[in-house]
Amino acid sequence: QVQLVESGGGLVQPGGSLRLSCAASGSIFSINAMGWYRQAPGKERELVTTITVGGITNYADSVKGRFTISRDNAQNTVYLQMNSLKPEDTAVYYCNVLMTGGRRSWGQGTQVTVSS
């Protein structure tokens, strides 16, 4: 019942920044938390960061201190500010929501490439 659309990916040089957006629509009242996952070529999909409806955040160790998740409740949008990007951050980034009852909804992903 929740649809997610990611945007903001692209090509950036090492040390640069990108800001990803994820717009949610549909039954957004059922969302308990939102977050970002990523999957690099040949690797497992991994959790990057989450934010609860109460604003509690957590981050993977690999992005701690460099990435910041935030939300805009008025626009039902979650953001991922990515600073000091490294080549190992290259991946497809997926928006995800955890819904009431344990259900999940996924976006289609947006490509982030960090390369000189």
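K.L.:
Describe in detail the side chain of Ser27, supporting the description with residues and values.
P.N.:
Tracing the sequence through the fold places Ser27 in the loop between β3 (18-26) and β4 (31-39). Residue Ser27 is classed as buried on the basis of its relative accessible area, which comes to 12%. Setting aside residues no more than four positions away along its own chain, Ser27 makes contact with Gln1 and Val2.

K.L.:
Quick rundown of the side chain of Arg66? Include the residues and the values.
P.N.:
With respect to the helices and strands, the residue Arg66 is situated in the loop between β6 (57-59) and β7 (67-72). Taking the relative accessible area as the measure of exposure, Arg66 reaches 10% and is therefore buried. A distance of 2.8 Å separates the side chain of Arg66 from the backbone oxygen of Ser62, its partner in a polar contact. Side chain to side chain, Arg66 and Asp89 meet in a polar contact 2.7 Å long. Leave out the neighbours within four places in its chain, and Arg66 touches Gln81, Met82, Asn83, Ser84, Leu85, Lys86 and Asp89.

K.L.:
Could you give an account of the pattern of salt bridges, naming the residues involved and the relevant values?
P.N.:
Opposite charge on two side chains permits pairing when their charged atoms draw close. Applying the stated rule across the entire model yields three salt bridges. In this structure, Asp89 engages Arg38 in a salt bridge whose closest nitrogen and oxygen atoms are separated by 3.0 Å. Placement of the pair is Asp89 in the loop between β8 (77-82) and β9 (91-99) and Arg38 in strand β4, with a sequence separation of 51 residues. Residue Asp89 is classed as buried on the basis of its relative accessible area of 1%.

K.L.:
Just give me the short version of the pairing of strand β11 (residues 110-114), but keep the residues and values in it.
P.N.:
The side chains of a regular strand alternate between both faces of the sheet. The two faces of β11 differ: Thr110, Val112 and Val114 on one face are buried, but Gln111 and Thr113 on the other face are not. As defined by bridge partners, β9 adjoins β11 across three bridges and the pair is classed as antiparallel. Across the sheet, residue Val92 finds its bridge partner in β11, namely Gln111.

K.L.:
Can you tell me about the environment of Asn58, naming the residues and giving the values?
P.N.:
Looking at where Asn58 falls in the secondary structure, it is placed in strand β6. Considered as a pair, Asn58 and Leu47 are 11 residues apart in the sequence and their alpha carbons are 9.9 Å apart. If we skip the residues at most four places from it in the chain, Asn58 touches Val48, Thr49 and Thr50. Polar contacts involving the side chain of Asn58 include one to the side chain of Thr50, which spans 2.3 Å.

Conventions adopted
Residues numbered from 1 in each chain as written. Predicted model: local features only at pLDDT ≥ 70, side-chain atom pairs only at ≥ 80, totals over all residues. Heavy atoms only, no water. Helix = DSSP H or I, 4+ residues; strand = E, 2+ residues; numbered from the N terminus. Buried < 20%, exposed > 50% of the residue type's maximum accessible area, 1.4 Å probe, protein only. Contact = heavy atoms within 4.5 Å. Polar contact = N/O pair within 3.5 Å; in protein donor to acceptor, adjacent residues only side chain to side chain. Salt bridge = Lys/Arg side-chain N within 4 Å of Asp/Glu carboxyl O. Pairing = 2+ DSSP bridges.

By themselves, these observations are geometric and do not establish any function.
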